[in-house]
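# Residue-level structural notes
Read off the chains here:
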Amino acid sequence: MEYLGAVVVVVVVLLLSIGLHEVGHMVPAKRFGVRVSHYMVGFGPTLWSRTKGETEYGLKAIPLGGYVRLVGMYPPDDAVGNPPARTWLGRLARDARQASAEEIRPGEDARAFYRLSTPKKLVVMLGGPVMNLVIAFVLMAIALVGFGLPTDTPRLASVYECVLPANATETQECTASDPAAPAAAAGIEPGDVVVSYDGTEVTSWSQLSALIRDTGEEAVPIVVERDGQLVDLTVTPVVSERPVYDEEAGEYVLDADGEPVTEPVGFLGISPTREMERQPLWSVPGVVADTTWQTLKVVATLPSRMVDLVETQVNGTERDETSIIGVVGVGRFAGEIASADGLDWQIKAVSLLQMLAALNISLFVFNLIPLPPLDGGHVAAALWEGARRQVARLRGLPRPGPFDSAKLVPLAYSVFVVLGALGVLLIYADLVNPVQI
């Protein structure tokens, strides 16, 4: 039930994200006077629709996208000089212009999208992706500020009995030949909260860990809180070979042979308690910015990742953790997170919220790719039109007419086919050869 519930949540949030994305286009378009004839969530056959005012609102059968139909997206033939249609590409562009012109009611040419100024076109086209970015901010804020992040704290979960070798396994037990751990010898107990170490007030586990690692084999005072009382103790760390942990990467450093890199550091023999710690609101923009940057790097390497995905399916090899995934993969991840044993419900909630925020950031970045029919393609066309007008103004030339964006229709069809093929491939791969987490 937890697995199914998480999948349902992902589907609902995805549909809401798509719907709000289209709202981001529709609201400014109507504000600027453009007639919006259709607002649809999904593709394919219409499951439900209702007309309100001059717009038909509806849900379609395939929940993998959505659209708003802005009347007059392409300028009519006479607005671009009636270019001849000598090739099939020209005929395709001409048909797109004529179909767009047929949607313009008599006397409403001023309400056509192509009539908007460049800044207004940019507002309309960027409204959708920006809406996804806003959704990501809200979801990430709920996760970080409302729930918090699992954080190691100075409250001790365990105190080791002895000092084991650096290469010891997690299940290895102490023997008579192993030296006693300094913390246990000093009387430190599980549940103690370290208040200060060597005269320095302790505010976090990372700070305490750094203080201990930098201490040599000399006795230092340590104050712990136990049952509401402060207890003064003295502990003498030992210098022991310990694995090097990369805080930024969140993993241990390995050498060329895959073995942990060690270094001599101070060691007490204590481990922290992991608790949910709420983050300040101002930490959210940084997390969203970092996630956006990571997504940008993925999108920049999308062609090579597509090739890798095809190779894994052809060769039957296992997909690695960096492989791109589709909607099915996202739903599967959500189900596995929700049904995982041994995880607190708050950690599950935060993980799901962060994943949904990352999904919206992916929608934001992906839609900004400067290729039609994506929003970025329309943005690029508007910028080109505005640049032509500015150059003409600076040179004292007559104001040029609208850019014939219908010429990009063949490219839009090609991109649509490629994206459709990628979507089908991702669904297949996520079903038969899913990424393991």
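Look up: the structure comes first, before these words.
All of the points below concern the structure found in this document. (Residues numbered from 1 in each chain as written. Predicted model: local features only at pLDDT ≥ 70, side-chain atom pairs only at ≥ 80, totals over all residues. Heavy atoms only, no water.)

### Considerations on the overall build of the protein chain
Here is the rule: Helix numbers and strand numbers start at the N terminus; a helix is a DSSP run of H or I with at least 4 residues, a strand a run of E with at least 2. The globule rule is 2.2 Å times the number of residues to the power 0.38, and the radius of gyration it is compared with is taken over C-alpha atoms. Any residue under 20% of the maximum accessible area for its type is buried, any over 50% is exposed, and the rest in between are partly exposed; the area is computed with a 1.4 Å probe on protein chains only. Should any heavy atoms of two residues lie within 4.5 Å, those residues are considered in contact. For accessible areas, the Shrake-Rupley method is used with a probe of radius 1.4 Å. Any residue's cover is judged against the shown protein chains and nothing else.
Looking only at helices and strands, the protein chain features 11 helices and 12 strands. Its C-alpha atoms give the protein chain a radius of gyration of 30 Å, more than 25% over the compact-globule value 22 Å for 437 residues. C-alpha atoms of the protein chain, sized along the principal axes, occupy 90 × 50 × 45 Å. With 437 residues in all, the protein chain has 40% of them scored as buried. Partitioning the contacts of the protein chain with sequence separation of at least 6, the portion at a separation of at least 24 is 67%. Of the roughly 24,000 Å² that the protein chain leaves accessible, carbon and sulfur atoms contribute 60%.

### Topic: the pattern of salt bridges
Pairing is possible between side chains of opposite charge, provided their charged atoms come close. Test applied: Note on definitions: salt bridges are taken to be side-chain nitrogens of Lys or Arg within 4 Å of carboxyl oxygens of Asp or Glu.
Tallied over the full model, the rule gives 17 salt bridges. Where E2 meets K348, a salt bridge forms, and the shortest distance between an N and an O atom there is 3.9 Å. Here K348 lies in helix α9 (residues 345-367) and E2 lies in helix α1 (residues 2-31), a separation of 346 residues in the sequence. Its relative accessible area of 48% is what places E2 among the partly exposed residues. We classify K348 as buried; its relative accessible area is 12%. Put simply, R35, E54, E108 and R111 are held in one network by salt bridges that share partners.

### Considerations on a negative patch on the surface
Filter applied, for reference: Patch membership is restricted to residues that have no salt bridge and whose relative accessible area is over 30%. Joining uses 9 Å for like charges and 5 Å for the nonpolar side chains Val, Leu, Ile, Met, Phe, Trp and Tyr. Note that His is not counted, nor are the chain ends; the positive residues are Lys and Arg, and the negative ones are Asp and Glu. Just so you know, the charge point we use is NZ for Lys, CZ for Arg, CG for Asp and CD for Glu.
A surface patch of like charges, here negative, comprises D308, E311, E318, D320 and E321. Owing to a relative accessible area of 42%, E311 belongs among the partly exposed residues under this scheme.

### Re the packing of helix α3 (residues 118-147) against α9
For any two helices packed against each other, the geometry comes down to the angle between their axes and how far apart the axes lie. What counts, and what does not: The convention used is that axes are lines fitted to C-alpha atoms, helices contributing only their stretch in contact, and that angles between N-to-C directions extend from 0 to 180 degrees. The scheme is simple: roughly parallel for angles under 35 degrees, roughly antiparallel for over 145, roughly perpendicular for 65 to 115, oblique for anything else. Crossings are classed by handedness, with left-handed meaning an anticlockwise turn of the near helix from the far one by less than a right angle and right-handed meaning a clockwise turn. Gly is placed with the polar residues, together with every amino acid not listed as nonpolar (Ala, Val, Leu, Ile, Met, Phe, Trp, Tyr, Cys and Pro) or charged (Asp, Glu, Lys and Arg).
At a minimum axis separation of 8 Å, α3 and α9 run at an interaxial angle of 160 degrees. For the element pair α3 / α9, the angle class is roughly antiparallel. Remark: the crossing between α3 and α9 carries left-handed chirality. Its residues placed into classes, the contact of α3 with α9 shows 20 nonpolar, five polar and no charged.

### So, the packing of aromatic side chains
The following threshold applies: Centre distance within 6.5 Å is the pairing criterion for rings of Phe, Tyr and Trp, where only the six-membered ring of Trp is used; planes under 30 degrees apart are then read as stacked, over 60 as edge-to-face, and the remainder as tilted.
Counted by the stated rule, this structure contains four aromatic pairs. Judged by centre distance (5.7 Å) and plane angle (50 degrees), the ring pair of Y39 and Y57 falls under tilted. Taken together, the positions of Y39 in strand β1 (residues 36-52) and Y57 in strand β2 (residues 55-70) put the pair 18 residues apart, joining distant regions of the chain.

### Quick word on unusual backbone geometry
Cis geometry is found at the peptide bond from P372 to P373, where omega equals 10 degrees. Structurally, P373 is set in the loop between α9 and α10 (375-394). Even without being glycine, D198 reaches a positive phi, approximately 55 degrees. The exposure class assigned to D198 is partly exposed, which follows from its relative accessible area of 41%.

### A word on a nonpolar patch on the surface
Taken together, the side chains of F43, I62, L64, V327, I427, Y428, L431 and V432 define a hydrophobic patch exposed on the protein surface, amounting to about 730 Å² of accessible area. Listing elements by their share of the nonpolar patch, those giving two or more residues are β2 and α11 (409-432). With four residues, α11 is the single largest residue contributor to the nonpolar patch. For I62, the position within the fold is in strand β2.

### Points about the side chain of K60
Note the following rule: Whenever a nitrogen or oxygen atom comes within 3.5 Å of another N or O atom, the pair is scored as a polar contact, on the condition that within protein one atom can donate a hydrogen and the other can accept it, and that pairs from neighbouring residues in sequence are kept only if both atoms are in side chains.
Looking at the element boundaries, K60 is found in strand β2. One buried charged residue, K60, remains without a salt bridge, the closest side chain of opposite sign being E56 at 7.0 Å. Looking at K60, its side chain comes within polar contact range of the side chain of T46, at 2.7 Å. Leaving out residues up to four positions away in the same chain, K60 has contacts with M40, V41, G42, F43, G44, P45, T46, L47 and Y67.

### Here's the deal with helix α6 (residues 283-300)
Applicable threshold: Between the first and last residue of a helix there are one fewer steps than residues, each counted as 1.5 Å, and that sum is the expected span. For this quantity, the arc is that covered by the directions from the helix axis to the C-beta atoms.
For α6, spanning 18 residues, the distance from its first C-alpha to its last is 26 Å, which sits close to the expected 26 Å at 1.5 Å a residue. Looking only at α6, the buried set comprises S283, V284, V288, T291, T292, T295 and V299. Take α6 and look down its axis: the buried residues cluster within an arc of 165 degrees, on one side only. The secondary structure elements touched by the buried residues of α6 are α3, α7 (302-315) and α9.

### Structural notes on the packing of α1 against helix α8 (residues 327-339)
α8 packs onto α1 with a crossing angle of 135 degrees between their chain directions and a minimal axis gap of 7 Å. Relative to α8, the element α1 lies oblique. Classified by chirality, the crossing of α8 by α1 is right-handed. Residues E2, Y3, A6, V7, V10 and L14 of α1 touch α8, and the partners they reach there are V327, V330, G331, R332, A334, G335, E336, A338 and S339. When the residues that make up the contact of α1 with α8 are grouped by side-chain class, the tally is nine nonpolar, three polar and three charged.

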